Amino acid sequence: QVQVVESGGGLVQPGGSLRLSCAASGSISSINNMGWYRQAPGKQRELVVVINSGGRTNYADSVKGRFTISRANAKNTVYLQMNSLKPEDTAVYYCNAVLSITSGTSRNVWGQGTQVTVSS
């Protein structure tokens, strides 16, 4: 069994910063992609950023230049540094991992989500 667990959400004022963490654990053989998605009230879940095993990233236009993803492969962990936060960044942020378990089977695993609220 594998899981991903997020941490680091909270309340921040506009213009502030937050850092989210996501750790994958379990019988993992390799991780292909890890990334962050978000879902605001009344809206569909959307991609924030994804990073592949080679370090290639794909950011949503709305966060380019403000958010930065980094990956610690040895720890099966990714971080999301969010700067210059705006009220429209308010959402539940979900971590996602596309990985292979030790049996060779692929898994698409979601975390439980962490709330980010940007408000004065």
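A few points on the structure. (Residues numbered from 1 in each chain as written. Predicted model: local features only at pLDDT ≥ 70, side-chain atom pairs only at ≥ 80, totals over all residues. Heavy atoms only, no water.)

This part covers the sheet that holds strand β8 (residues 77-82). The antiparallel open sheet is built from four strands, whose spatial order is β1-β3-β8-β7. Only two strands of the sheet have a single partner each, and these edge strands are β1 (2-7) and β7 (67-72). Across this sheet, the average inter-strand angle for adjacent strands is 15°, counted without regard to direction. (Pairing = 2+ DSSP bridges. Helix = DSSP H or I, 4+ residues; strand = E, 2+ residues; numbered from the N terminus. Axes fitted to C-alpha atoms, helices over the stretch in contact; angles between N-to-C directions.)

Okay, the pairing of strand β5 (residues 46-52) next. Bridge count between strand β4 (residues 28-39) and β5: six bridges; the pairing is antiparallel. Pairing of Tyr37 across the sheet is with Leu47, part of β5. In sequence, β4 turns back onto β5 through a hairpin of six residues, with Gly42 there showing a positive phi of about 80°. Judged from the three bridges that link them, β5 and strand β6 (residues 57-59) form a sheet pairing that is antiparallel. By the bridge assignment, Val49 is partnered in β6 with Tyr59. The antiparallel hairpin formed by β5 and β6 contains four residues in its connecting segment, where Gly55 sits at a positive phi of about 90°.

To continue, consider the packing of aromatic side chains. The tally for this structure, following the rule as stated, stands at one aromatic pair. Both rings, one in Tyr37 and one in Trp110, keep their centres 5.0 Å apart while their planes meet at 65°; by these two values the pair is edge-to-face. Taken together, the residues Tyr37 in strand β4 and Trp110 in strand β10 (residues 106-110) connect sequence positions 73 residues apart. Directly above the ring of Tyr79 sits Arg19, whose terminal nitrogen or CZ lies 4.1 Å from the centroid. The ring of Trp110 is capped by Arg45, whose NZ or CZ atom sits 4.7 Å from the centre of that ring. (Phe/Tyr/Trp six-rings, centres within 6.5 Å; stacked < 30°, edge-to-face > 60°. Lys NZ or Arg CZ within 6 Å of the ring centre and 35° of its normal.)

Pairing of β1 with strand β3 (residues 18-26), which is carried by six bridges, proceeds in the antiparallel orientation. Within β3, the residue paired with Gln3 across the bridge is Ser25. The pairing of β3 with β8 spans six bridges and is antiparallel. Its bridge partner being in β8, Ser21 is matched across the sheet by Tyr79.

Right, let's talk about the environment of Thr105 for a bit. With respect to the helices and strands, the residue Thr105 is situated in the loop between β9 (91-101) and β10. Taking relative accessible area as the criterion, Thr105 reaches 34% and is therefore assigned partly exposed. Taking the C-alpha atoms as reference, Thr105 lies 25 Å from Ser21; in sequence the two are 84 residues apart. If near-sequence neighbours (up to four positions away) are discounted, Thr105 is found in contact with Leu99 and Ser100. At 3.2 Å, the side chain of Thr105 forms a polar contact with the side chain of Ser103. (Buried < 20%, exposed > 50% of the residue type's maximum accessible area, 1.4 Å probe, protein only. Contact = heavy atoms within 4.5 Å. Polar contact = N/O pair within 3.5 Å; in protein donor to acceptor, adjacent residues only side chain to side chain.)

So, about the environment of Gln3. Considering the arrangement of structural elements, one finds Gln3 in strand β1. Looking at Gln3, the relative accessible area reads 45%, which means it is partly exposed. A C-alpha to C-alpha distance of 5.7 Å links Gln3 and Ala24, two positions 21 residues apart in sequence. The contacts of Gln3, once residues within four sequence positions are left out, are Ala23, Ala24, Ser25 and Val109.

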